[in-house]
Amino acid sequence: MRNCQVSLRIEGEDDDFLLQGESDMREISRDPLDLVSQTIGAHHQYPDGFMLFLGTMFSPIQDRDGKGQGFTHHMNDRVTIATPALGALVNKVGRSDQLPPWTYGIRELMRHLARR
């Protein structure tokens, strides 16, 4: 994990915008094992597991809608965060009040894996 290189790719569906970048996990401020050791212990149990988010290593600095206006997502942007060791997470930007509810949680994942 410490040696992974993580890539970010944002593709605009309507404006052909493209932003790409890469970061190394070894450059984050806190070691992942240190964070895990502070998360798991006698006073913190997670019978269904937990997910540790390490934050983002990316701060888009490329202007999108005009010089000096900075970056903002547009509807239908395709955002890919990937590393060869773990695979890719791909999402399309949409409004949370218009997206389908998330119903597939960790318990359903475990049931699915047990059936396999």
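Quantities reported herein were computed from a predicted structural model and do not represent experimental measurements.

**Student:** For this particular structure, what's the right way to read the layout of surface pockets?
**Tutor:** Over the atoms a probe the size of a water molecule is rolled, and this reveals where empty space is left. Counted as a void, the largest pocket has a volume near 1,100 Å³. In terms of lining, the largest pocket is formed by 34 residues, of which the most central are Met 51, Leu 52, Phe 53, Ile 81 and Leu 89. When the residues that make up the lining of the largest pocket are grouped by side-chain class, the tally is 25 nonpolar, eight polar and one charged.

**Student:** I keep staring at the packing of aromatic side chains and nothing clicks. Help me out?
**Tutor:** For any pair of aromatic rings, the description rests on two quantities: the centre-to-centre distance and the angle between the ring planes. Tallying each qualifying case throughout the model produces two aromatic pairs. With 5.8 Å between their ring centres and 35° between their planes, Phe 17 and Phe 71 make a pair best called tilted. Of the two residues, Phe 17 is situated in the loop between β1 (5-11) and β2 (18-24) and Phe 71 in the loop between α1 (32-39) and β3 (78-83); the sequence distance between them amounts to 54 residues. An angle of 45° between the planes, with centres 5.1 Å apart, marks the rings of Tyr 46 and Phe 50 as tilted. In this structure Tyr 46 comes out as partly exposed when scored by relative accessible area, which is 38%.

**Student:** Can you help me understand the confidence of the model for the protein chain in this one?
**Tutor:** Atom-level detail of predicted coordinates should not be read off regions where pLDDT is low. Here the protein chain averages 87 in pLDDT, and 98% of its residues register 70 or above. At the level of individual helices and strands, the protein chain shows its lowest average pLDDT in α1, which scores 85, and its highest in β3, which scores 94.

**Student:** What exactly am I supposed to notice about α1 here?
**Tutor:** Given 3.6 residues to a turn, an α-helix orients residues that are three or four positions apart in the same direction. Of the residues making up α1, those classed as buried are Pro 32, Leu 35 and Thr 39. Taken around the axis of α1, the buried residues stretch over an arc of 65°, which confines them to a single face. Two or three places before Leu 33, at the opening of α1, Asp 31 has a side-chain oxygen 2.8 Å from that residue's backbone nitrogen.

What counts, and where the lines are drawn
Residues numbered from 1 in each chain as written. Predicted model: local features only at pLDDT ≥ 70, side-chain atom pairs only at ≥ 80, totals over all residues. Heavy atoms only, no water. 1 Å grid on protein atoms, 1.4 Å probe; cavity = no way out; pocket = protein on both sides within 12 Å on 5 of 7 lines; lining within 4 Å. Points joined across faces, edges and corners; volume = space filled by probe spheres on them. Nonpolar A, V, L, I, M, F, W, Y, C, P; charged D, E, K, R; others polar. Phe/Tyr/Trp six-rings, centres within 6.5 Å; stacked < 30°, edge-to-face > 60°. Helix = DSSP H or I, 4+ residues; strand = E, 2+ residues; numbered from the N terminus. Buried < 20%, exposed > 50% of the residue type's maximum accessible area, 1.4 Å probe, protein only. pLDDT = per-residue confidence, 0-100. Arc of directions from axis to C-beta. Polar contact = N/O pair within 3.5 Å; in protein donor to acceptor, adjacent residues only side chain to side chain.

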